[in-house]
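So the chains spell out like this:
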Amino acid sequence: MNSDTINWAARHDPICSKIYKGCICSDELPPLTDNSAWIINLNPRNSEISDNSHWVYLRTYSKKHKQYYAVDYLCSGGGNIHDSHFIANTVLAYSSNVYNLPFPLQSAKNEVTNCGSYSLLFLLLNSRGLTGKYISKFFFTEGKEPTVARDIMVCHIVYTLFDIKGISFLSTISDRSFLKKVKIAQKQAKKKKRKSINKQ
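Residues numbered from 1 in each chain as written. Predicted model: local features only at pLDDT ≥ 70, side-chain atom pairs only at ≥ 80, totals over all residues. Heavy atoms only, no water.

One can find Asn-7 in helix H1 (residues 3-12). Excluding its chain neighbours within four sequence positions, the residues that come into contact with Asn-7 are Tyr-20, Gly-22 and Cys-23. (Helix = DSSP H or I, 4+ residues; strand = E, 2+ residues; numbered from the N terminus. Contact = heavy atoms within 4.5 Å.)

Interhelical geometry of helix H4 (residues 115-127) versus helix H5 (residues 132-139) gives an angle of 110° and a closest axis separation of 10 Å. In this view, H4 runs roughly perpendicular relative to H5, as classed from their interaxial angle. For the pair H4 and H5, contact is made by Phe-122, Leu-125 and Asn-126 and by Gly-132, Ile-135 and Phe-139, respectively. Split into classes, the residues belonging to the contact of H4 with H5 amount to four nonpolar, two polar and no charged. (Axes fitted to C-alpha atoms, helices over the stretch in contact; angles between N-to-C directions. Parallel < 35°, antiparallel > 145°, perpendicular 65-115°, else oblique. Nonpolar A, V, L, I, M, F, W, Y, C, P; charged D, E, K, R; others polar.)

Turning our eyes to something else, we now look at the sheet that holds strand S3 (residues 55-60). Taken in spatial order, the five strands line up as S1-S2-S3-S4-S5 in an open sheet, and their pairing is mixed. Each of the sheet's edge strands pairs with one partner strand only, and the pair in question is strand S1 (20-25) and strand S5 (98-100). Neighbouring strand axes in the sheet, compared pairwise and without regard to direction, differ in orientation by 20° on average. In this structure, S3 lies alongside strand S4 (residues 71-74), joined through four bridges in antiparallel fashion. The partner of Thr-60 across the bridge, within S4, is Val-71. (Pairing = 2+ DSSP bridges.)

The side chains of a regular strand alternate between both faces of the sheet. Within strand S2 (residues 37-41), five of the five residues are buried, which leaves the element mostly enclosed by the surrounding structure. Pairing of S1 with S2, which is carried by five bridges, proceeds in the parallel orientation. Looking at S2, one finds that Ile-24 is bridged to Ile-40. Inspection of the sheet shows S2 paired to S3 by five bridges, in the antiparallel sense. Across the sheet, the residue bridging to Ile-40 is Val-56, located in S3. (Buried < 20%, exposed > 50% of the residue type's maximum accessible area, 1.4 Å probe, protein only.)

In C-alpha coordinates form, the structure reads like this:
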(Lines give C-alpha, C1' and ligand atoms only; values in the text may rest on other atoms or scores of the structure.)
Protein backbone atom coordinates (compact mmCIF):
# COMPACT_ATOMS: atom_id res chain seq x y z
CA MET A 1 0.00 0.00 0.00
CA ASN A 2 1.44 3.38 -0.91
CA SER A 3 1.15 6.79 0.74
CA ASP A 4 -1.41 8.07 -1.79
CA THR A 5 -3.81 5.22 -0.98
CA ILE A 6 -3.30 5.63 2.77
CA ASN A 7 -3.85 9.40 2.61
CA TRP A 8 -6.95 9.06 0.44
CA ALA A 9 -8.50 6.47 2.76
CA ALA A 10 -7.71 8.31 6.00
CA ARG A 11 -8.84 11.72 4.77
CA HIS A 12 -12.10 10.45 3.29
CA ASP A 13 -13.30 8.94 6.56
CA PRO A 14 -15.02 11.77 8.48
CA ILE A 15 -14.02 10.45 11.90
CA CYS A 16 -10.43 9.44 11.05
CA SER A 17 -9.81 12.79 9.38
CA LYS A 18 -10.41 14.62 12.68
CA ILE A 19 -7.16 13.26 14.19
CA TYR A 20 -5.21 12.21 11.09
CA LYS A 21 -2.28 14.52 10.29
CA GLY A 22 -0.72 12.63 7.39
CA CYS A 23 1.24 9.78 5.93
CA ILE A 24 4.93 10.64 6.16
CA CYS A 25 8.46 9.23 6.24
CA SER A 26 10.20 8.81 9.59
CA ASP A 27 12.47 11.85 9.15
CA GLU A 28 9.46 14.10 8.42
CA LEU A 29 7.70 13.58 11.75
CA PRO A 30 7.05 17.06 13.20
CA PRO A 31 7.09 17.87 16.93
CA LEU A 32 4.13 16.00 18.39
CA THR A 33 0.92 17.71 19.46
CA ASP A 34 -2.00 16.36 21.50
CA ASN A 35 -4.74 14.25 19.92
CA SER A 36 -3.04 13.63 16.58
CA ALA A 37 -2.33 10.56 14.44
CA TRP A 38 0.18 9.75 11.71
CA ILE A 39 0.96 6.74 9.56
CA ILE A 40 4.73 6.67 9.20
CA ASN A 41 7.09 4.82 6.88
CA LEU A 42 10.22 3.74 8.75
CA ASN A 43 12.38 4.74 5.78
CA PRO A 44 13.61 8.34 5.67
CA ARG A 45 12.42 10.43 2.71
CA ASN A 46 15.79 10.40 0.94
CA SER A 47 16.17 6.60 0.96
CA GLU A 48 15.11 4.48 -1.96
CA ILE A 49 12.08 2.33 -1.20
CA SER A 50 13.47 -1.10 -0.46
CA ASP A 51 12.22 -4.42 0.85
CA ASN A 52 12.35 -3.15 4.44
CA SER A 53 9.78 -0.43 3.81
CA HIS A 54 7.33 -0.64 6.69
CA TRP A 55 4.32 1.43 7.83
CA VAL A 56 3.55 2.06 11.52
CA TYR A 57 0.78 3.95 13.31
CA LEU A 58 1.46 6.72 15.84
CA ARG A 59 -1.19 8.44 17.98
CA THR A 60 -0.85 11.06 20.68
CA TYR A 61 -3.41 11.74 23.39
CA SER A 62 -3.79 14.64 25.75
CA LYS A 63 -1.15 14.19 28.44
CA LYS A 64 -3.81 15.21 30.98
CA HIS A 65 -5.68 11.90 30.56
CA LYS A 66 -4.00 9.68 33.15
CA GLN A 67 -5.89 6.52 32.13
CA TYR A 68 -4.17 6.49 28.73
CA TYR A 69 -0.62 6.22 27.60
CA ALA A 70 0.39 9.60 26.14
CA VAL A 71 1.43 7.90 22.89
CA ASP A 72 0.37 4.74 21.05
CA TYR A 73 3.05 3.33 18.72
CA LEU A 74 1.42 0.44 16.92
CA CYS A 75 3.68 -1.63 14.69
CA SER A 76 2.02 -4.72 13.23
CA GLY A 77 5.45 -6.37 13.05
CA GLY A 78 5.97 -6.05 16.80
CA GLY A 79 8.55 -3.24 16.60
CA ASN A 80 8.91 -0.22 18.86
CA ILE A 81 9.84 3.46 18.58
CA HIS A 82 13.55 2.61 18.60
CA ASP A 83 13.27 1.03 15.13
CA SER A 84 13.80 4.58 13.86
CA HIS A 85 15.97 7.11 15.68
CA PHE A 86 13.92 9.89 14.03
CA ILE A 87 10.72 8.54 15.58
CA ALA A 88 12.32 7.74 18.94
CA ASN A 89 13.79 11.24 19.33
CA THR A 90 10.51 12.96 18.39
CA VAL A 91 8.29 10.74 20.54
CA LEU A 92 10.54 10.89 23.61
CA ALA A 93 10.68 14.70 23.35
CA TYR A 94 6.88 14.60 23.74
CA SER A 95 6.51 11.82 26.35
CA SER A 96 8.20 8.65 27.59
CA ASN A 97 4.76 7.20 28.39
CA VAL A 98 4.50 5.07 25.20
CA TYR A 99 2.37 2.01 24.49
CA ASN A 100 3.78 -0.56 22.03
CA LEU A 101 1.94 -3.66 20.84
CA PRO A 102 3.21 -6.48 23.08
CA PHE A 103 3.40 -9.01 20.23
CA PRO A 104 3.58 -9.04 16.42
CA LEU A 105 0.33 -9.26 14.47
CA GLN A 106 1.64 -9.82 10.94
CA SER A 107 2.85 -13.15 9.68
CA ALA A 108 6.56 -13.21 8.78
CA LYS A 109 5.91 -16.38 6.76
CA ASN A 110 3.88 -14.58 4.14
CA GLU A 111 5.57 -13.22 1.02
CA VAL A 112 3.03 -10.40 0.93
CA THR A 113 2.09 -8.65 4.13
CA ASN A 114 0.35 -5.34 4.48
CA CYS A 115 1.48 -3.12 7.29
CA GLY A 116 -0.37 -0.24 5.61
CA SER A 117 -3.68 -2.04 6.08
CA TYR A 118 -2.90 -2.74 9.73
CA SER A 119 -2.02 0.94 10.23
CA LEU A 120 -5.31 2.04 8.64
CA LEU A 121 -7.21 -0.43 10.83
CA PHE A 122 -5.48 1.01 13.92
CA LEU A 123 -6.47 4.53 12.78
CA LEU A 124 -10.07 3.46 12.14
CA LEU A 125 -10.49 1.84 15.58
CA ASN A 126 -8.44 4.44 17.44
CA SER A 127 -10.33 7.39 15.96
CA ARG A 128 -13.50 5.83 17.34
CA GLY A 129 -12.19 5.83 20.91
CA LEU A 130 -10.29 2.56 21.22
CA THR A 131 -6.76 2.86 22.61
CA GLY A 132 -3.85 0.77 21.37
CA LYS A 133 -3.94 -1.32 24.53
CA TYR A 134 -7.66 -2.03 24.06
CA ILE A 135 -7.15 -2.90 20.37
CA SER A 136 -4.40 -5.41 21.16
CA LYS A 137 -6.33 -6.95 24.05
CA PHE A 138 -9.73 -7.37 22.43
CA PHE A 139 -9.06 -7.70 18.69
CA PHE A 140 -5.94 -9.87 18.60
CA THR A 141 -4.89 -12.94 20.59
CA GLU A 142 -1.44 -13.07 22.18
CA GLY A 143 0.46 -16.33 22.15
CA LYS A 144 -0.71 -17.52 18.75
CA GLU A 145 1.64 -17.31 15.79
CA PRO A 146 0.48 -14.56 13.40
CA THR A 147 -1.11 -16.13 10.34
CA VAL A 148 -1.45 -15.29 6.68
CA ALA A 149 -5.23 -15.66 7.15
CA ARG A 150 -5.20 -12.80 9.69
CA ASP A 151 -3.23 -10.63 7.24
CA ILE A 152 -5.73 -11.30 4.47
CA MET A 153 -8.68 -10.68 6.80
CA VAL A 154 -7.27 -7.32 7.97
CA CYS A 155 -6.58 -6.27 4.36
CA HIS A 156 -10.08 -7.26 3.27
CA ILE A 157 -11.73 -5.42 6.18
CA VAL A 158 -9.71 -2.25 5.54
CA TYR A 159 -10.24 -2.25 1.77
CA THR A 160 -13.97 -2.79 2.32
CA LEU A 161 -14.51 -0.24 5.12
CA PHE A 162 -12.43 2.46 3.42
CA ASP A 163 -13.93 1.60 0.01
CA ILE A 164 -10.49 1.29 -1.60
CA LYS A 165 -10.92 0.36 -5.26
CA GLY A 166 -8.73 -0.14 -8.27
CA ILE A 167 -5.97 -2.18 -6.61
CA SER A 168 -5.93 -5.66 -5.18
CA PHE A 169 -5.28 -5.79 -1.44
CA LEU A 170 -2.92 -8.71 -2.15
CA SER A 171 -0.67 -6.64 -4.45
CA THR A 172 1.05 -4.78 -1.62
CA ILE A 173 4.57 -3.84 -0.58
CA SER A 174 6.32 -6.81 0.97
CA ASP A 175 7.96 -5.98 4.26
CA ARG A 176 8.98 -9.54 5.02
CA SER A 177 12.63 -8.69 5.69
CA PHE A 178 11.62 -6.13 8.34
CA LEU A 179 9.41 -8.71 10.06
CA LYS A 180 12.27 -11.23 10.04
CA LYS A 181 14.60 -8.64 11.63
CA VAL A 182 12.05 -7.97 14.37
CA LYS A 183 11.61 -11.70 15.02
CA ILE A 184 15.40 -12.21 15.30
CA ALA A 185 15.70 -9.25 17.69
CA GLN A 186 12.86 -10.62 19.84
CA LYS A 187 14.52 -14.07 20.00
CA GLN A 188 17.83 -12.47 21.01
CA ALA A 189 16.11 -10.45 23.73
CA LYS A 190 14.45 -13.61 25.10
CA LYS A 191 17.80 -15.48 25.13
CA LYS A 192 19.45 -12.57 26.92
CA LYS A 193 16.65 -12.50 29.50
CA ARG A 194 16.94 -16.28 30.08
CA LYS A 195 20.72 -16.01 30.55
CA SER A 196 20.17 -13.19 33.04
CA ILE A 197 17.65 -15.29 35.00
CA ASN A 198 19.92 -18.35 34.93
CA LYS A 199 22.85 -16.34 36.34
CA GLN A 200 20.72 -15.36 39.33
